[in-house]
Amino acid sequence: MSTLSDIPETMVSQSPTTVESALTDTRLRVVLLVQVNSGAEQRFLHAYDQLSRQVAAVPGHISDQLCQSIENPSQWLITSEWESAPPFLAWVDSPAHREMVKPFHGCVEDTRSLRFSILRETLTAGSAPVDVTTRGVDAALRVGDGLVRQALTFTVNPGSEDSVAKILADYASPEARVDQTTRLSRTSVFMSGNRVVRAVEVKGDLTAALRFVARQPEIKAVEEAINPYLEEDRNLDDPSSAREFFARASLPVVHHMTTGGPRPAQGVHRHALLYPVKAGCGPAVASLLARQDELAVNKEMTAEQSAKTLLSSTIFQRDDIVVRLVDLSVPLDRHPAMAAGVSGRRAAAVLGRLLDLGADGAVIDLSMDDGLRRFLADCDMTPITDRQAADH
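Residues numbered from 1 in each chain as written. Predicted model: local features only at pLDDT ≥ 70, side-chain atom pairs only at ≥ 80, totals over all residues. Heavy atoms only, no water.

As annotated in an unreviewed UniProt entry, the chain carries the name SchA/CurD domain protein and is attributed to Streptomyces violaceusniger.

**Considerations on the environment of Val31**
The condition is simple: Strands here are runs of E lasting at least two residues and helices are runs of H or I lasting at least four, both read from the DSSP assignment and numbered beginning at the N terminus.
With respect to the helices, strands and loops of the structure, Val31 is situated in strand 2 (residues 28–36). When the C-alpha positions of Val31 and Ile78 are compared, they lie 5.9 Å apart, and in sequence the two are 47 residues distant.

**Regarding unusual backbone geometry**
We count it as follows: With a 1.4 Å probe rolled over the protein chains alone, any residue whose accessible area is under 20% of its type maximum counts as buried; one over 50% counts as exposed, and the rest are partly exposed.
The phi dihedral of Asp319 falls on the positive side, at around 55°, and the residue is not glycine. Summarising the element assignment, Asp319 is placed in the loop between strand 14 (310–318) and strand 15 (321–328). Here Asp319 falls in the partly exposed class, since its relative accessible area comes to 45%.

**Things to note about the packing of aromatic side chains**
Stated formally: Centres within 6.5 Å make a pair out of two Phe, Tyr or Trp rings, where for Trp the six-membered ring is used; the pair is then stacked when the planes are under 30 degrees apart, edge-to-face when over 60, and tilted otherwise. Over a ring means this: the NZ of a Lys or the CZ of an Arg is within 6 Å of the ring centre and within 35 degrees of the ring normal.
All chains considered together, the criterion is met by 8 aromatic pairs. Pairing Phe44 with Phe104 gives two aromatic rings, centres 5.5 Å apart and planes at 70°, and the pair type is edge-to-face. Here Phe104 lies in the loop between helix 4 (95–100) and strand 5 (108–117) and Phe44 lies in helix 2 (residues 41–55), a separation of 60 residues in the sequence. Summarising the burial analysis for this pair, Phe44 and Phe104 share the class buried. Ring geometry for Phe154 against Phe245: centres 6.0 Å apart, planes inclined by 50°, an arrangement best described as tilted. Here the residue Phe154 occupies a position in strand 8 (residues 147–155), and Phe245 occupies one in helix 9 (residues 239–249), the gap between them amounting to 91 residues. On the basis of relative accessible area, Phe154 is assigned to the buried category, the value being 6%. Aromatic ring contacts, followed pair by pair, group Phe44, Trp76 and Phe104 into a single cluster. In this arrangement the basic side chain of Arg234 is found over the ring face of Phe245, its NZ or CZ atom lying 4.5 Å from the centre. The lysine or arginine in question, Arg387, covers the ring of Tyr171, its NZ or CZ lying 3.8 Å from the ring centre.

**Structural notes on the sheet that holds strand 12 (residues 253–258)**
Our working definition: In this analysis, strands are considered paired if DSSP registers two or more bridges between them. Under this scheme, a helix contributes an axis fitted over its contacting stretch, all axes are lines through C-alpha atoms, and angles between N-to-C directions fall in the 0 to 180 degree range.
On the basis of which strands lie adjacent, the open sheet formed by 5 strands has the order 1-12-14-15-13 and antiparallel pairing. Every interior strand has two partners, whereas the edge strands, strand 1 (18–21) and strand 13 (269–274), have only one. Across the sheet, the mean angle from the axis of one strand to that of its neighbour is 10°, orientation sign disregarded. Bridge count between strand 1 and strand 12: 4 bridges; the pairing is antiparallel. Bridge pairing in strand 12 links Glu20 to His256.

**Focus on the pattern of salt bridges**
Keep this limit in mind: Any Lys or Arg side-chain nitrogen found within 4 Å of a carboxyl oxygen on Asp or Glu counts as a salt bridge.
Inspection of the entire model under this criterion finds 14 salt bridges. As a salt-bridge pair, Arg98 and Glu244 come within 3.9 Å of each other at their nearest N and O atoms. Taken together, the residues span a long stretch of sequence, with Arg98 in helix 4 and Glu244 in helix 9 at a distance of 146 residues. Notably, a salt bridge pairs Arg198 with Glu223, separated by 3.1 Å at the nearest N-O pair.

**Things to note about helix 13 (residues 369–379)**
Each turn of an α-helix holds 3.6 residues, which means side chains three or four residues apart point in the same direction. Note the threshold: By arc we mean the arc of the directions from the helix axis to the C-beta atoms, nothing more. A contact between two residues is defined here by any heavy atoms of the two lying within 4.5 Å.
When helix 13 is considered as a whole, its buried residues turn out to be Gly371, Leu372, Phe375, Leu376 and Cys379. Taken around the axis of helix 13, the buried residues stretch over an arc of 135°, which confines them to a single face. Residues Asp370, Ala377 and Asp378 are exposed on helix 13 and point more than 90 degrees away from its buried face. Along its buried surface, helix 13 packs onto strand 13 and helix 11 (336–340).

**Quick word on the sheet that holds strand 16 (residues 382–388)**
Pairing between sheet strands relies on hydrogen bonds along the backbone, with the strands arranged either parallel or antiparallel. If you walk across this open sheet you meet the 5 strands as 11-8-10-9-16, and the pairing is antiparallel. In the strand order of this sheet, the two ends are held by strand 11 (250–251) and strand 16, each with one partner. Direction of pairing for strand 8 relative to strand 11: antiparallel, over a ladder of 2 bridges. Of the residues in strand 11, the one forming a bridge with Leu152 is Ser250. Across the sheet, helix 6 (residues 161–170) lies against strand 9 (183–192), strand 10 (195–203) and strand 16, angled at about 10° from strand 16, the strand it touches most.

Now the structure itself:
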């Protein structure tokens, strides 16, 4: 309730590839740490009771608990369990969720949301504890690289694209160090038509980093400068308006993988691909692309190639917005199937059925290199800026 596989086992256990994914069938535990305003405890309890009744009917929700600290009565903990991450992510980014949590806005001073896959569970049967391994645990076991990734996406008024691109390209970078444990690592901004995608990588606490960035004068100036061009109005000085905007703009990571070994010192090509998803097919597209990336990297490793083509892939997805951020060691059209996220005719056919490929009356054939290159040219977003911390 808390707010804000098909991968071979040998690959997970033996390869140096970093894999982080929400696209698993393991159960999900969500933890929300809440600081309740003094005097607002009764309103908070009432809001929780109301929300718990509503969320009980959300598909994928299993249970939730409300706890109060025995040391600091102002600190509360909400935990919930879900069948897997995708139904939770679909709910937490929905308009229905935003309506459900509105009663909390005047009650809480601070929140922090954490999400965990459940890998082991111990149940007590009589006097003997029983170990229970959750379904899919072997496929879900992942290796992290210490970076937290998130993206925002929003649209600007048609005709204002050049002005917005200049604003987003010319701003001064904020200080990379947030605190002793958190640093800004990288920010990449792309545009396709009037859609903006801003992807960030943070070492440490993502929430702390985003709050730090929002307070920096350089970033405040950028946000104020693009306000007149946004299709949906916002007022970042109004907490309610800011919450609404960031909830709508959030584009969470559902899958990330990075190949092992040293990266090339130069010649790495970063691209953001915006997939033309058919209505209702966003989750299926994200799952297919994740599996294809894993299989492609595993195939390269099995072949013991000295140079890897796909260095990393991050899939962002909310509803039917799917963006795949890839780092390649070669130009985008050198290996079009791997760049597009398909390997073989079957995968190409499946992806083709999930996408709207009939733009301008011409259907693109993803099973052919020429069709893939045309598809990549259409999906490749325009890079606006890509900034890395000095020690990235």
